[in-house]
Amino acid sequence: MSGRAPPFLATAWLIARKDLTIEFRTRSAFFSALVFALLAVAVFRFSWDPTAVAAIDLAPGVLWVIFTFSGLLGLHRSFGVEEADRAMDGLLAAPIGREALFAGKAAANLVFVGAVQLVTIPAVSLFYDLPLVDGLPALAMIAALATVGLVAVGTLFSAMTANTRLAELLLPMLALPFFVPIVVPAAQATARVLAGRPLAEVAAWLKLLAAFDIVFVTACTLVFPYTLEE
Amino acid sequence: MTAVAANPDTALPTTPAPAAIEAEGLVRAFGPRRAVDGVSVAVAAGECLALFGPNGAGKTTLLRMLAGLLRPTRGAARVGGVSLRDAPAVRARVGLISHHSLLYAALTARENVAFAARLYDVPDPDAAALAALERMRVADRADTPVRRLSRGLQQRVSIARAMVHAPDVVLLDEPFTGLDEVGARALTDAIGDLKAHGAALVLVTHNLVEGLALGTHLGVMVGGHLVRLAARGDVDGATFAAEYRALVAG
């Protein structure tokens, strides 16, 4: 009989569903990232002097620092789960497209990082007493656009570093410089939204984020197959 | 089956049967070191090449090249009639069994095998998974998470995973590692079935008894070279074992 390659979207969905099932059962990475995020919110809150810096000026930076580092925790797990018992060999021995594998991994990471953000944003709002209701749709849009870029870059570097002895160190070292072009416009746009500025004022930042998303998603998808070569 | 060694002294006469695996001068270098150095071999449908050799002889590297996991530095090969250059098509025809389980500990045995079936676009993957688990006599533990299975049972699930798409070519890297008597018998039966159904097999093992029992051809790799190749019917087991020990000893 022998097999054949399933279509791109079917493969991506298969990989993403498998990763999310494993994460749902173990919950190890999600809880690690969540606990880290909430602790970071608390630490920033208690080390903050409200008389020196306004909450509205501090919160965007806090939010994106937390998103970046908590995201890294999940991204590290993405290919780490494939290293135990060399499950990665099982994936690579299958006739699936490497690009579809990347898409599936990135989709699962997107859900993971998004889930952490869903809890972190209200926590920041609560700790810094920031009313978010009006700006929530805009903030969600910024978070979604920025997360796509962060996840694309993070998934690529997670694959590159997964089977190295210093994966925990190498992943942030390699990924963080590439996160800068995403985090800067995301923090700038978030600051304006939290300040109650109209959406039109952040449109330029959103376009910049979308442009970086296109560049990073395309580049990472194309480069990914080469990271799997021995 | 045709088996051809790089060394003309070890070459076997060719037969008209079309080879499911044909490798010609395969080389794989890691930096300056050649893990596999000019290996030529052919295995026809329904036959099993048992490949022996000490650690670091290049057996696993050869297997990984034939599985489409490693790109050869030089040389060419066709697996299941497809050139290694078309790696996805090669991978669709190959089942890989390793001494690593290649399984996800958090998923059940059935989920692991069904996941593999879907990776190969097997019709009705759940039924195929259950059938593969039954074949390896582990269907009664189908819904147990793999992390709760013993090493031997994990290996049986791993073998079911590799065979779920009924591959034309099966590459086995130390598959008996960790198997108990029942598991070893199930694997031996499965290998017999695969041969009977026309699959070509390459079995890498350190265990001479297993290799001699299952191989229709026997090969020895040392230092990246295929230094001995013979049809099983042409050699006496005890003589081959003595030759092997002499070759490995240098």
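Residues numbered from 1 in each chain as written. Chains lettered and ligands numbered in written order. Predicted model: local features only at pLDDT ≥ 70, side-chain atom pairs only at ≥ 80, totals over all residues.

J.: I'd like to hear about the overall build of chain B, residue by residue, with values.
T.: Helix and strand counts for chain B come out as 8 helices and 10 strands. Its C-alpha radius of gyration of 18 Å places chain B within 12% of the 18 Å reference for a compact globule of 250 residues. When its C-alpha atoms are laid out on the principal axes, chain B stretches across 50 × 40 × 40 Å. Per-residue burial for chain B yields a buried fraction of 56% across its 250 residues. Contacts spanning at least 24 positions in sequence make up 68% of the contacts within chain B whose residues lie at least 6 apart. (Helix = DSSP H or I, 4+ residues; strand = E, 2+ residues; numbered from the N terminus. Rg over C-alpha atoms; globule rule 2.2 N^0.38 Å. Buried ≥ 20, exposed ≤ 12 C-beta atoms within 10 Å, placed from the backbone. Contact = placed C-beta atoms within 7 Å.)

J.: Before we move on, can you summarise the overall build of chain A with the specific residues and values?
T.: Helix and strand counts for chain A stand at 8 helices and 0 strands. Reading chain A from its N terminus to its C terminus gives the helix and strand order α-α-α-α-α-α-α-α. On C-alpha atoms alone, chain A measures out to a radius of gyration of 18 Å, which is about the 17 Å that the 2.2 N^0.38 rule sets for 230 residues. Along the longest, intermediate and shortest principal axes, the C-alpha atoms of chain A span 70 × 35 × 30 Å. The burial tally for chain A puts 47% of its 230 residues in the buried class. Pairs at least 24 apart in sequence give 86% of the contacts found in chain A among residues at least 6 apart.

J.: Before we move on, could you go through helix α6 (residues 136-161) of chain A and cite the residues and values that matter?
T.: Compared with the 38 Å implied by 1.5 Å per residue over 26 residues, the 35 Å span of α6 of chain A between its first and last C-alpha is a close match. Counting buried positions along α6 of chain A gives 20 out of 26 residues, so the element sits mostly inside the fold. (Expected span 1.5 Å × (residues − 1).)

J.: Just give me the short version of the interface of chain B and chain A, but keep the residues and values in it.
T.: The interface of chain B with chain A comprises 32 residues on the first partner and 25 residues on the second. Mapped onto the side of chain B that touches chain A, the elements with two or more residues apiece are α2 (87-93), β6 (94-97) and α3 (109-119) of chain B. Looking at the side of chain B that touches chain A residue by residue, the classes come out as 20 nonpolar, 5 polar and 7 charged. (Nonpolar A, V, L, I, M, F, W, Y, C, P; charged D, E, K, R; others polar.)

J.: Account for the sheet that holds strand β2 (residues 33-44) of chain B, naming residues and giving values.
T.: Residues and elements named next belong to chain B. Read across the sheet, 4 strands follow the order β2-β1-β4-β5 without closing on themselves; strand pairing throughout is antiparallel. This sheet does not close on itself; its edge strands, each paired only once, are β2 and β5 (82-83). Here strand β1 (residues 19-30) runs beside strand β4 (residues 74-79); their pairing, made up of 5 bridges, is antiparallel. Bridged to E24 within β4 is A76. Strands in contact with helix α1 (residues 59-66) are β1, β2 and β4; relative to β1, the strand with the most contacts, it is inclined by about 120°. (Pairing = 2+ DSSP bridges. Axes fitted to C-alpha atoms, helices over the stretch in contact; angles between N-to-C directions.)

J.: Go over the sheet that holds β6 of chain B with me, naming the residues and quoting the values.
T.: Residues and elements named next belong to chain B. Within the open sheet, the 6 strands sit side by side as β6-β7-β8-β3-β9-β10. Their pairing is mixed. The strands lining the two open edges of the sheet, one partner per strand, are β6 and β10 (225-231). Strand-to-strand twist in this sheet, taken as the mean axis angle between neighbours without regard to direction, amounts to 15°. Taken together, the 4 bridges between strand β3 (residues 48-52) and strand β9 (residues 217-222) define a ladder with parallel strand orientation. Residue L49 lies in a different strand from β9, and its bridge partner there is H217. This element, helix α5 (residues 151-163), spans β6 and β7 (169-173) of the sheet and lies at about 170° to β6. In this fold helix α6 (residues 181-196) packs onto β3, β7 and β8 (200-204), with an angle of close to 145° to the strand it touches most, β8.

J.: Give me the lowdown on the packing of α3 of chain B against helix α4 (residues 125-135) of chain B, citing residues and values where you can.
T.: All names here are of chain B. Contact geometry of α3 with α4 gives a least axis separation of 8 Å together with a crossing angle of 120°. Between α3 and α4, the angle falls in the class oblique. Where α3 crosses over α4, the two elements pack in a sense that is right-handed. Contact with α3, carried on its side by A109, R110, V113, A114, A117 and R118, involves P125, D126, A128, A129, L130, A132 and L133 of α4 and no other residues of that element. Here the contact of α3 with α4 is built from residues that sort into 10 nonpolar, no polar and 3 charged. (Parallel < 35°, antiparallel > 145°, perpendicular 65-115°, else oblique. Left-handed = near helix turned anticlockwise from the far one by under 90°.)

J.: Go over α1 of chain B with me, naming the residues and quoting the values.
T.: Quick reminder: α-helices carry 3.6 residues per turn. Residues three or four places apart thus point the same way. All names here are of chain B. With 8 of its 8 residues buried, α1 lies for the most part within the structure. Here α1 has its buried residues at K59, T60, T61, L62, L63, R64, M65 and L66. G68, located one to two residues past α1, shows a positive phi value of around 80°.

J.: Give a detailed account of the pairing of β2 of chain B, specifying residues and quantitative values.
T.: All names here are of chain B. Burial analysis of β2 places 9 of its 12 residues in the buried class, which makes it a mostly covered element. Pairing of β1 with β2 involves 9 bridges; the strand directions are antiparallel. By the bridge assignment for β2, F30 is matched with R33. The turn linking β1 back onto β2 is made up of 2 residues, and G31 within it adopts a positive phi angle of 65°.

J.: Hey, could you go over the confidence of the model for chain B for me, with residue numbers and the actual values?
T.: Residues and elements named next belong to chain B. Within chain B, residue pLDDT values average 88, and 92% of them lie at 70 or more. Looking across chain B, the model is least confident in α6, with a mean pLDDT of 85, and most confident in α3, with 97. In the model output, the complex is listed with pTM 0.88 alongside ipTM 0.88. (pLDDT = per-residue confidence, 0-100.)

J.: Before we move on, can you summarise unusual backbone geometry with the specific residues and values?
T.: Residues and elements named next belong to chain A. The backbone of R86 sits at a positive phi, close to 50°, despite the residue not being glycine. Take R86: it is sitting in the loop between α3 (55-83) and α4 (87-92). With 17 C-beta atoms packed within 10 Å, R86 lands in the partly exposed category.

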